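# Residue-level structure breakdown
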Amino acid sequence: VQLQASGGGLVEAGDSLRLSCVASGRTDSNYAMGWFRQVPGKEREFVSVVRWPGGSTYYADSVKGRFTISTDNTKNTVYLQMNSLRPEDTAVYYCAKGPRIILSQIRVSSAYAYWGQGTQVTVSS
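Summarised in this report is the structure supplied together with it.

Whether parallel or antiparallel, the strands of a sheet pair through hydrogen bonds between backbone atoms. Strand order across the open sheet formed by four strands is β1-β3-β8-β7, with antiparallel pairing between neighbours. Edge positions in the sheet fall to β1 (2-6) and β7 (67-72), since each has one partner strand and no second. On average, each strand axis in the sheet is inclined to that of its neighbour by 15°, with strand direction left out of account. Here β1 pairs with strand β3 (residues 17-24) via five bridges, running antiparallel. Bridge assignment links Ser6 to a residue of β3, and that residue is Ser20.

Structure follows, in structure tokens:
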């Protein structure tokens, strides 16, 4: 499985960005796919994932109500619409995917087997 993330950039506080992550290779019907982020010197942080089958979505409290994750299964793509961006959202955003991740592990980065290359999001104040 390969993940290709895109869509990062430099924006001002209050602006919006949409990240995309295209998955190629092996496909699973039972998987979770989504986003983590990391700033230098800190651990990778859960942002949002969608879990299949069912399509349930999960968000970190810090982004709930501002970010929306969605999928286009025909394109094997996951999107992260980020609205009302804040300077504290500045990070490298990584796309992740893992097969058969149990619910209790959804927010744990080590549960994900596949990672994209990361895309930088910078929000200026």
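On we go from here.
Here the focus is the side chain of Asp28. Relative to the helices and strands, Asp28 resides in the loop between β3 and β4 (31-38). Of note is the side chain of Asp28, whose polar atom sits 3.1 Å from the side chain of Arg26. Contacts of Asp28, omitting those with residues within four sequence positions, involve Pro99 and Arg100.

Turning our attention to the pattern of salt bridges. Under the defined criterion, the tally for this structure stands at five salt bridges. In this structure, Arg37 engages Asp89 in a salt bridge whose closest nitrogen and oxygen atoms are separated by 3.0 Å. Taken as a pair, Arg37 in strand β4 and Asp89 in the loop between β8 (77-82) and β9 (91-99) lie far apart in primary sequence, 52 residues in all. No difference in accessibility class separates Arg37 from Asp89, as the two residues are buried. For Lys64, the salt bridge identified is with Asp61, shortest N-O distance 3.2 Å. Classification of Asp61 as exposed rests on a relative accessible area of 67%.

Turning our eyes to something else, we now look at the state of the cysteines. Working definition of a disulfide: a covalent bond connecting the sulfur atoms of two cysteines. All chains considered together, the criterion is met by one disulfide. Residue pairing for Cys21: its cysteine sulfur links by disulfide to Cys95, the two sulfurs lying 1.9 Å apart. On the sign convention where negative is left-handed, the bridge of Cys21 and Cys95, at about -85° about the S-S bond, is left-handed. Of this pair, Cys21 sits in strand β3 while Cys95 is found in strand β9, placing the two residues 74 residues apart along the sequence.

If you look at the biggest cluster of nonpolar residues, it comprises 35 residues, and the most contacted ones within it are Trp35, Leu80, Met82 and Tyr93. Among the elements that line this core, the one with the most residues is β4, at five residues. Leave out the neighbours within four places in its chain, and Tyr93 touches Leu19, Trp35, Phe36, Arg37, Val47, Phe67, Leu80, Met82, Gly118, Thr119 and Val121.

Within the secondary structure, Glu12 sits in strand β2 (residues 9-12). Not counting residues up to four positions away in its chain, the partners in contact with Glu12 are Val123 and Ser124.

Moving on, we get to the environment of Val92. Relative to the helices and strands, Val92 is located in strand β9. Residues Val92 and Gly8, 84 residues apart in the sequence, show an inter-C-alpha distance of 8.5 Å. Every residue in contact with Val92, bar those within four places of it in the chain, is listed here: Phe36, Arg37, Gln38, Gly118, Thr119 and Gln120.

What counts as what
- Residues numbered from 1 in each chain as written.
- Predicted model: local features only at pLDDT ≥ 70, side-chain atom pairs only at ≥ 80, totals over all residues.
- Heavy atoms only, no water.
- Pairing = 2+ DSSP bridges.
- Helix = DSSP H or I, 4+ residues; strand = E, 2+ residues; numbered from the N terminus.
- Axes fitted to C-alpha atoms, helices over the stretch in contact; angles between N-to-C directions.
- Polar contact = N/O pair within 3.5 Å; in protein donor to acceptor, adjacent residues only side chain to side chain.
- Contact = heavy atoms within 4.5 Å.
- Salt bridge = Lys/Arg side-chain N within 4 Å of Asp/Glu carboxyl O.
- Buried < 20%, exposed > 50% of the residue type's maximum accessible area, 1.4 Å probe, protein only.
- Disulfide = S-S within 2.5 Å.
- Core = buried A, V, L, I, M, F, W, Y, C linked by side-chain atoms within 4.5 Å.

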